[in-house]
Amino acid sequence: MSVMTSFTLRSLKKNRVRTVVSVIGIALSCALITAVFTSVTSLQAGLLERTLATEGSWQVASSQISERAYESFLQSDTVVDMAVSRELGSAKLTEQDSRSMGEFVAVRTYPETVKGTFTPDGAPLTIVPELEEGRLPESSGEIVLPDYCKGVALGEDAADAGVVSDGALEVGSTLTLNLGTRVVEDANDGRRRTLESFGNGYLSPENGYPSEEELVDASVRDYTVVGFYERQSNFGGSDFTASSSSIVALTSAGASSEGIIGVYFTVQGLSSSAEIQAFANGLTAEDHSFLMYHANLFRYQGIADGRPIEGTLWMIAIVLTIVIVVASVSLIYNSFAISVADRTRQFGLLSSIGASKKQLRRSVLFEAFFLGLAGVPVGVLAGIGGVAVVFALTQDAFAALLGTGGTVSLSVDPLVLAVVVLLSVATLLASAWIPARRAGKVSAVDAIRQAQDVKVSKRSMRRMRAAGGSAAKRGNGVPAGVSGLAGKLFGAPGFIAHRNLSRASSRGRTVVVSLAVSVALIVVAGSVALYLTPIADRAESKDAAGSGADVIVSGSAPEMAELNGFSNDLDEFRAKAEKLGGIEFLSSYRQGQAETVIPADMISEDGRVVGADLDEQRNSPWVPSSFGSDGNYIGDLTVFYLDGTSWADLVRSLGLDVAEYTDPENPRAIGLNRYQGIFGDDSYADVKPLAQTGSIDLYAIEYNLENDTGSWGSTGLQEDADGNLVVGYVNQYSDGMPETMEKPLEDVSRKTTVEVGALTDEVPASVNSGSASIHFPVILLPESVAGSTAGATSPSGDRSVFDFYWTNFSFKAEDHADAAEALEGLASDSELLDFRVFDVAESARQNRLIAQAVQLFISCFAVIMLLISVANVFNTLTNSIILRTREFAMLKSVGMGDKAFLRMLVYECASYAVRGLVIGLVVAVGATYLLYRASSISFTGLVFGLPWAYVGLAVAVVLVVLALSVVFALRRSHASNVVDALRADAV
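By the naming in an unreviewed UniProt entry, the protein chain goes by ABC3 transporter permease C-terminal domain-containing protein and is assigned to Raoultibacter timonensis. We quote the UniProt Sequence similarities (unreviewed entry) comment for the protein chain here in full: "Belongs to the ABC-4 integral membrane protein family."

Structure representation (structure tokens):
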């Protein structure tokens, strides 16, 4: 060990407080960097693992491609792994069987690997369903069926059945299929098109298609049922058994080289979703194949998909990384700057006996290395441990986020840890480099005289002389710099403090910078909380998380007809549900739609942006603009009718008269002034689309017209070339570009005017489960208005402005699973209405947990930033005071008392506080603005603002730490012996 190394270690040992505080500072900064990177890698690994396990490892899939495209993919070097599943044909079920089982039985082969491996990254290209009973098919004459077919007899007593079983289906049964190819005449170009079961339900005029499909090249095949498989997600890429309206029977892989080809494959050498799509589309452009892209997987594999949320997260990560690095540099730099200042006399003595500048620099850098050797490993372990603890506390939330049903495992990537260590070491060396250079430049004479830190510029000398002359003329001995209120408060001690600040400006700058960084850190922590709140809000607004419901029942009429005539049935269902044990009715709503004209002055600028974006998303040339030439909104209006109790509660919460808003003959509406949809560029909106109250016109129009030229569907209200309101129609089965026509308003519609008497920014809990805020525009009315005769009806009498087509009941339950089962039984008893039961308790709980997890991470980040801030300020101030031990002793030796000493310290600290707070707040405002801009990329409607609670916290922290520093200085001056302090060497 060299002399300089030994000397450095002795110095660290002697100054234990500074050494420990420095190590803690290094460990805290390293822990925060480690925590950020480890959290990201753990979440990304968990999301990737969940996606692979539940959706498969495919990147591109198609349920139907041509033989030419298949060969092109097979021969391409870009395609790495590829599997193929062929649809061998379909057989038509009888009318009776199709009511419950779908229209067809389609036979597909199990996926066969034709290139690479079927399990890249340890996960299958597409999810293979698990067998519930039996075994896998081993030959082309064997099949497995979905589990819902077990025990069902198909084709009974039907002479022309295309699907016939030899009794109730079980393992060993024989299923006879009249297997053929489905074809239909294309509605646009008249060519015969082959249909596969995933993308196409049964096509016929009864189902809205101009021609009826046929089954061609049919032949009878007998299959032996060897097992039953569990049903899956019904998403084409992730589930090769998915279909629109067919039973999918699976036979052995490679059972035939004929049939419709479905493929699943991965690619290499392409770094973005756009590149992958360009490659796949290029090889299938002539075939018009329907391709699916695994966007969920792309984002976790690092494949850019261009979503705004990516830009938001990256920008936030960059800002936070810069903040953390700056905070770390400030903390560590201050520690080394103070260390060098403390050892100035040491360096002078060493220089006088022959130590070179290089050796002095190395001494400081070795000190950095030694502190890093202790602080970096501790920080890495603390960061990993902290993330592990947070994951343990929020395992339910992250299991809900990932959908894994289990805990989130900590993922420690060695490469990421190496980056963290290198970044920490680089930060450490950068922080120590300037003090090291300063140590190498120490003059032996100045160092021994300790004149290095006290330098007064010529300008400062002139100012002090002028101040002294003014004081002499006034005869009060107080310089101009501390005259007025400051002079009265601090007097001569203030003068001494003022001179100290002027002479030791370098030391003062260090303290001010330390305070400014600490203030900025605390405020930025609050800004992170402020601008990540939309994520938590989104989670709490999904899946009825904000409704308080455990079970939701939705109801509709057959073929989505209006529910007006079923009001008694709905009331009867509610009454029966309330009699079930352990169930409490919370609320209900009914939902309808009408055409409307809303005056221009009622639509806000944000509302116009929303309307224009919705127009662009429709992307159809025959769909009219949502705004007329006079700025009025012209288009669809969504109406939610709230149950009586919920409506009365809403009216009272807005300070309105319930009686005025509950007259069904003269309805007054409340406008929902909140839109939380998703824009076409995938950014999230949270805006107020309405500017004020007023009267709006609702129109009951004829939605369908039949004439000699075809069947016409309404595109809604629009303006004609002269600016007059008309109703537009499009020919549903015209060739090429759809044919359109316009009808005069008075011929096909009738009008009702409704007053919107108030606006509400909060989504009522009763319509939270219906995601009311994703619609634009929306009005709320009492349930008594739904289906009433108060509104106009269309000329044919088929439509009314107050028709409703959907209803929803929300229930609280003691046991949500039992309640859902009981309500399922009640719903199945209805022969006229289609009721669907949703157990939302778990999904709502998961969304609330996700919101809580976001808040917890924000809190952890804020706490660590606060610790770094306090450590930074305390380290700087306490060590600065330690360096002034001889100065304090000198002042005491010339008679300065405790009160004067206190006033001097308070003056200095006040100067530090004011400058530190001003600079820190300016920096914090800049960082907050960057976070605001980052969040604005993905969340529309945000308003720039500061987290004032955190600003107050920053001020309080600065004042508390400064007060503690004053107390520390007083106690140290009392404890030290004046003579010993004046004689003390720096060594």
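Back to the write-up after that little detour.
A. The overall build of the protein chain, seen in detail. Of regular secondary structure, the protein chain possesses 25 helices and 28 strands. A buried classification covers 49% of the 987 residues belonging to the protein chain. Just so you have it, the protein chain exposes about 44,400 Å², and 54% of that area is on carbon and sulfur atoms.

B. Layout of the pattern of salt bridges. A full pass over the atoms with the stated rule returns 18 salt bridges. A salt bridge links K92 to E103; the shortest N-O distance between them is 3.2 Å. Here K92, found in strand 2 (residues 79-92), pairs with E103, found in the loop between helix 4 (95-101) and strand 3 (104-109); they are 11 residues apart in sequence, far enough to count as distant. Taking the relative accessible area as the measure of exposure, K92 reaches 28% and is therefore partly exposed. Linking E213 and R182 is a salt bridge whose minimum nitrogen-to-oxygen distance equals 2.7 Å. With a gap of 31 residues between them, E213 in the loop between strand 9 (192-195) and strand 10 (214-229) and R182 in strand 8 (residues 174-185) connect regions that are remote in the sequence. Residue class for E213 comes out buried when judged on its relative accessible area of 7%.

C. Representation of helix 18 (residues 644-653). The set of residues buried in helix 18 consists of S646, W647, A648, L650 and V651. On its buried face, helix 18 is in contact with strand 15 (583-598), strand 16 (633-642), strand 17 (668-672), strand 24 (749-760) and strand 25 (778-782). G655, located one to two residues past helix 18, shows a positive phi value of around 70°.

D. Quick look at the UniProt feature "transmembrane region" (unreviewed entry) in the protein chain. Taken from the UniProt record, the annotation "transmembrane region" (unreviewed entry) applies to residues 20-40, 313-336, 368-394, 414-434, 511-532, 853-874, 912-932 and 948-970. Annotation note: span residues 414-434, helix share 100%, strand share 0%, distance between end C-alpha atoms 31 Å. From the first C-alpha to the last, residues 511-532 spans 32 Å; its make-up is 100% helix and 0% strand.

E. Examining the environment of S766 more closely. Residue placement: S766 occurs in the loop between strand 24 and strand 25. Measuring from C-alpha to C-alpha, the distance between S766 and Y589 comes to 6.8 Å, with 177 residues separating the pair along the chain. Beyond its immediate sequence surroundings of up to four residues, S766 is in contact with S587, S588, Y589, L642, D643 and S646.

F. Summary view of the packing of helix 16 (residues 567-578) against helix 20 (residues 816-828). At a minimum axis separation of 11 Å, helix 16 and helix 20 run at an interaxial angle of 145°. As for the relative orientation of helix 16 and helix 20, their crossing is right-handed in sense. Contacts between helix 16 and helix 20 involve F573, K576 and A577 from the first element and L823, L826 and A827 from the second. Looking at the contact of helix 16 with helix 20 residue by residue, the class counts come to five nonpolar, no polar and one charged.

G. Summary view of a negative patch on the surface. On the surface, E814, D815, D818, E821, E824 and D839 cluster together to form a negatively charged patch. No other element matches helix 20, which puts three residues into the negative patch. Within the fold, D818 resides in helix 20.

H. Focus on the packing of aromatic side chains. Per the stated rule, a full pass over the model turns up 15 aromatic pairs. Residues F573 and F835 carry aromatic rings whose centres are separated by 4.3 Å and whose planes lie at 15° to one another, so their mutual orientation is stacked. Of the two residues, F573 sits in helix 16 while F835 sits in strand 27 (residues 834-839), which places them 262 residues apart along the sequence. The class of F835 is buried, set by a relative accessible area of 10%. Their ring planes at 75° and their centres at 5.4 Å tell us that Y633 and F776 sit as a pair that is edge-to-face. One end of the pair, Y633, is in strand 16; the other, F776, is in the loop between strand 24 and strand 25, with 143 residues separating them in the sequence. On the basis of relative accessibility, which here comes to 8%, the residue F776 falls in the buried class.

I. Focus on a nonpolar patch on the surface. Taken together, the side chains of V914, V918, I919, V922 and V923 define a hydrophobic patch exposed on the protein surface, amounting to about 440 Å² of accessible area. Of note, V914 is situated in helix 23 (residues 898-938). For V914, a relative accessible area of 53% puts it in the exposed group.

J. Just the pairing of strand 1 (residues 60-65), in detail. Within strand 1, five of the six residues are buried, leaving the element largely enclosed by the surrounding structure. As defined by bridge partners, strand 1 adjoins strand 13 (residues 291-293) across three bridges and the pair is classed as antiparallel. Across the sheet, residue S62 finds its bridge partner in strand 13, namely L291. Here four bridges tie strand 1 to strand 12 (residues 260-267), and the two strands are oriented antiparallel to one another. Across the sheet, V60 pairs through a bridge with F265, a residue of strand 12.

K. Examining unusual backbone geometry more closely. With an omega of -15°, the peptide bond between F776 and P777 qualifies as cis. Positionally, P777 belongs in the loop between strand 24 and strand 25. At D217, a residue that is not glycine, the phi angle is positive and equals roughly 55°. Classification of D217 by relative accessible area gives exposed; the value is 71%.

L. Looking closely at the side chain of N632. One can find N632 in the loop between helix 17 (605-618) and strand 16. Of note is the side chain of N632, whose polar atom sits 2.9 Å from the backbone nitrogen of A600. A polar atom in the side chain of N632 sits 3.0 Å from the side chain of D630. Apart from residues no more than four positions distant in its own chain, N632 is found in contact with V597, I598, P599, A600, S626 and F627.

M. A look at helix 5 (residues 273-284). With 12 residues, helix 5 should cover 16 Å at 1.5 Å per step; its first-to-last C-alpha distance of 17 Å lies within 8% of that length. Within helix 5, burial applies to S273, I276, F279, A280 and T284. The buried residues of helix 5 occupy an angular sector of 135° when projected down its axis, which confines them to one face. Residues A274, A278 and G282 are exposed on helix 5 and point more than 90 degrees away from its buried face. Buried-residue contacts for helix 5 involve strand 1, helix 3 (67-75), strand 2, strand 12, strand 13 and helix 6 (295-300).

N. Highlighting the packing of helix 1 (residues 3-14) against helix 9 (residues 357-393). Viewed as axis vectors pointing N to C, helix 1 and helix 9 meet at an angle of 50°, and their least axial separation amounts to 9 Å. When the axes of helix 1 and helix 9 are compared, the pair comes out oblique. Considering how the two elements wind past one another, helix 1 and helix 9 form a crossing that is right-handed. Residue-level inspection shows M4, T5, T8, L9 and L12 of helix 1 in contact with helix 9, the latter providing Q359, L360, S363, F366, E367, F370 and L371. Of the residues that constitute the contact of helix 1 with helix 9, the class distribution is seven nonpolar, four polar and one charged.

O. A look at the side chain of D615. Examined against the element boundaries, D615 turns out to sit in helix 17. Among the polar contacts listed, one links the side chain of D615 to the side chain of S626, at a separation of 2.6 Å. Not counting the four nearest positions on each side in its chain, D615 is found in contact with P624, S625 and S626.

The rules behind the values
Residues numbered from 1 in each chain as written. Predicted model: local features only at pLDDT ≥ 70, side-chain atom pairs only at ≥ 80, totals over all residues. Heavy atoms only, no water. UniProt positions renumbered as here; feature names shortened; annotations may be inferred. Helix = DSSP H or I, 4+ residues; strand = E, 2+ residues; numbered from the N terminus. Buried < 20%, exposed > 50% of the residue type's maximum accessible area, 1.4 Å probe, protein only. Areas by Shrake-Rupley, 256 points an atom, 1.4 Å probe, with all protein chains shown as cover. Salt bridge = Lys/Arg side-chain N within 4 Å of Asp/Glu carboxyl O. Contact = heavy atoms within 4.5 Å. Axes fitted to C-alpha atoms, helices over the stretch in contact; angles between N-to-C directions. Left-handed = near helix turned anticlockwise from the far one by under 90°. Nonpolar A, V, L, I, M, F, W, Y, C, P; charged D, E, K, R; others polar. Patch = residues over 30% accessible without salt bridge, like charges linked within 9 Å, V, L, I, M, F, W, Y side chains within 5 Å. Lys, Arg positive; Asp, Glu negative; His and termini not counted. Charge placed at Lys NZ, Arg CZ, Asp CG, Glu CD. Phe/Tyr/Trp six-rings, centres within 6.5 Å; stacked < 30°, edge-to-face > 60°. Pairing = 2+ DSSP bridges. Polar contact = N/O pair within 3.5 Å; in protein donor to acceptor, adjacent residues only side chain to side chain. Expected span 1.5 Å × (residues − 1). Arc of directions from axis to C-beta. Parallel < 35°, antiparallel > 145°, perpendicular 65-115°, else oblique.

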